[in-house]
Amino acid sequence: MKLLSIELKKILPYKTFWIIIGLYFLFLALGIIMAEYIVNAMVDDVNKRLPIPLPHAVLFYFPDIWQNLTFFASIRFVLIFPAIIVIILITNEFTNKTVRQNIVNGMSRSEFIYSKLQVVFMLALIITVILMLVMLTLGLIHSDSQSLSLMLNGFSFVIGFFIQMLTYLCFAFFVAFMLRNTGLAIALFTLYTIIIEPVIYFLLRAPFIWENTVYTYLPVNSVIRIVEYPSIPALKKLMNFQLQDQVTLLACAVPMIYAAVMIGIVYLTFNKRDL
Amino acid sequence: METILSINQLSKRYGRIQAVNKLSLEVVKGQVFGILGPNGSGKSTTLGMILDLIRPDSGSFTWFGEHPSKESRKRIGAVIETPNFFPYLSARKNLEIVAKVKDYDNSDIERVLRTTGLYDRKNDKFKTYSFGMKQRLAVASALLNNPDILILDEPTNGLDPQGIAHIRELILQVASEGITIILASHLLDEVQKICNYVAVLNKGNILFSGEVHDVLAISDCIELASADNAALKAAIEAHPAFHSIIESDGILLVVFSEDVRPGAISEYLHQKNISLSHLTERKRTLEQHFLELLKDNES
Ligand SMILES: Nc1ncnc2c1ncn2[C@@H]1O[C@H](COP(=O)(O)OP(=O)(O)O)[C@@H](O)[C@H]1O
Ligand SMILES: [Mg+2]
């Protein structure tokens, strides 16, 4: 608790933190509002070529809302915001050299790492709880009695989302500790998430034997894959392969192993390096 | 005497540069210990190692007779190379973080803000401070809850004369309260004014250490000139108490290893048939003396 309260003293008065958190929720809200329009635009487009038109999608009813909103909240472009917060909060300690101040004043190096992990955990938890409350509210507004009875069916997606957030933020934690430079860390992390991994995907896809195997195990994709598809009955019918209907333990395990290894590397290197 | 810090054969190398070379020293309670050396002599590296910021290649040290730990660091107040604080937090908030890390409550914050003259600006953000104020905040954080030992790395570097005087006064005041101090500086007069014990550092090695008035004892030098400076030089170098000589603008600056009066020199040279056109006694500046200490060691 002492470490967390020190972190809160650093974070709460920090304007940049609130600005990025604000931007994150703004994007999230926009994404949620637009999601239905986007999906139904797709349905309309498809309907032009179908003899029997598909019904419009409704995203926000139980239990599908859990899967749908956690899916939209965990696409790369949205996920990157909290990761940037984590990178800034950690690299700031190096650029302001406050990490030296902390160590000199009697924090151990392990405590310093641990305090940042607590920030990562709390951030993931708070974002998940806020999203959960939003989903609960929207779901209650849009659901009829029949779907209400299925309310808890898709709850594994909330836990899955928390794991997504937690592991992805651990990746950001890792990059921040390794690079120590705010601009460089944000640039590389964003580049990797949004460009490098998708490019690897297309390269690996070319010979079809590779499809969905190696790529599945790349760090960021392993996070994304926890909630891989939205749950839209109309689209389910359209595509002939089975869409996921729950979060699997296996899907969670891959990014968690990555995160554990990264945390281990941070402990080992940070304890050896000069500050 | 109670040993506060004991360093044993500490070494650190950066690539080709041996920043600190098998350095050993001991600081006992109540000492005001100066680490004196030119820029790059390894002062900050040494302090960084004993504060757990820099990993030594070899060697060891103990704090308060114990294996160093975070608990021992909580008893130390340190001003390291640059003032390191959160730019968007006020002085007060920054000190609250320091206090929290050290397991103190906030009751001593007002006092150190007053002592360092920051009280009126305590609610202003750190980034709005002048360099002098930032440095004073660093001193304030080091003084929090009266540490057992105060470590200062070039605390007056980059300050204006007024700022320098203020910081030195503060240090002297702390010293007078009996708090042990380690002061790293490249300024001889600073060490001489503040410290009672000194280790002279060059290229990572301790050249001398001891009581300040022994190590930094000043001998005067004598300016000489004659029609034939070459003969004069030869004669002077043959003097039994000769130490060193510097020639500039036709004048020889001579240092003797013991006190030699100008009259005696004149006499001595007269016997060697050298008549002087110039003879004055000159107080050497402390810096000259310091440079000579370093030069002696190289030859
Ligand atoms: N991080 C570093 N990387 C490479 N060389 C360094 C580093 N830190 C210090 N040095 C070198 O080590 C030597 C000692 O530096 P330092 O301890 O800062 O000296 P001082 O504090 O006495 O001025 C210098 O030659 C300096 O260039
Ligand atoms: Mg230095």
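The model shown is predicted, which means the values in this text are computed figures rather than measured ones.

Chemist: Help me understand the domain arrangement of chain B, please; the structure alone is not making it clear to me.
Modeler: Looking at the assigned domains, one finds that chain B contains domain 1 (3-212) and domain 2 (221-282). Just the C-alpha atoms count here: the centres of domain 1 of chain B and domain 2 of chain B sit 44 Å apart.

Chemist: Quick question: what am I supposed to make of a nonpolar patch on the surface here?
Modeler: Residues and elements named next belong to chain A. Where nonpolar side chains cluster on the molecular surface, the patch consists of I19, L23, L26, F27, L30, I33, M34, Y37, I38 and M42 and spans about 1000 Å² of accessible area. Topologically, M34 is positioned in helix α2 (residues 15-47). For M34, a relative accessible area of 44% corresponds to the partly exposed category.

Chemist: So what exactly am I meant to see when it comes to the interface of chain A and chain B here?
Modeler: How big an interface is tends to be stated in terms of the accessible area lost upon association of its parts. With 27 residues of chain A at the interface, the matching set in chain B holds 28 residues. Carbon and sulfur atoms make up 54% of the surface buried where chain A meets chain B, a total of about 2700 Å² over both sides. Looking at the side of chain A facing chain B, the largest losses of area belong to K9, V104 and N105 of chain A, adding up to 24% of the total buried there. Between the two partners, chain A and chain B, sit five salt bridges. Measuring nitrogen to oxygen at the nearest pair gives 3.0 Å for the salt bridge that ties K2 of chain A to D103 of chain B. Taken together, the connections running from chain A to chain B amount to 13 residue pairs in polar contact (both at pLDDT 80 or more).

Chemist: Can you walk me through the site of ligand 1 in this structure?
Modeler: Residue and element names in this part refer to chain B. Within the structure, ligand 1 sits among Y14, I17, A19, P38, N39, G40, S41, G42, K43, S44 and T45. Contact distances for ligand 1 include 2.7 Å between an oxygen atom and a backbone N or O atom of G40. Contact distances for ligand 1 include 3.0 Å between an oxygen atom and a backbone N or O atom of G42. In isolation ligand 1 has 560 Å² of accessible area, and contact with the protein removes 62% of it. Those elements giving two or more residues to the shell around ligand 1 turn out to be β2 (17-28) and α1 (43-50). With three residues, α1 is the single largest residue contributor to the shell around ligand 1. Of the residues in the shell around ligand 1, the class split is four nonpolar, six polar and one charged.

Chemist: Any chance you could explain the side chain of T98 of chain A here in plain terms?
Modeler: Examined against the element boundaries, T98 of chain A turns out to sit in helix α5 (residues 98-104). Take T98 of chain A: its relative accessible area is 2%, and that puts it in the buried class. Among the polar contacts listed, one links the side chain of T98 of chain A to the side chain of E93 of chain A, at a separation of 2.9 Å. Residue contacts for T98 of chain A: discarding those within four places in its chain leaves N92 and E93 of chain A together with N84, F85 and F86 of chain B.

The rules we used
Residues numbered from 1 in each chain as written. Chains lettered and ligands numbered in written order. Predicted model: local features only at pLDDT ≥ 70, side-chain atom pairs only at ≥ 80, totals over all residues. Heavy atoms only, no water. Domains from an automatic or database assignment. Patch = residues over 30% accessible without salt bridge, like charges linked within 9 Å, V, L, I, M, F, W, Y side chains within 5 Å. Areas by Shrake-Rupley, 256 points an atom, 1.4 Å probe, with all protein chains shown as cover. Salt bridge = Lys/Arg side-chain N within 4 Å of Asp/Glu carboxyl O. Helix = DSSP H or I, 4+ residues; strand = E, 2+ residues; numbered from the N terminus. Buried < 20%, exposed > 50% of the residue type's maximum accessible area, 1.4 Å probe, protein only. Contact = heavy atoms within 4.5 Å. Buried area = accessible area lost by both parts, 1.4 Å probe. Polar contact = N/O pair within 3.5 Å; in protein donor to acceptor, adjacent residues only side chain to side chain. Near = heavy atom within 4 Å. Nonpolar A, V, L, I, M, F, W, Y, C, P; charged D, E, K, R; others polar.

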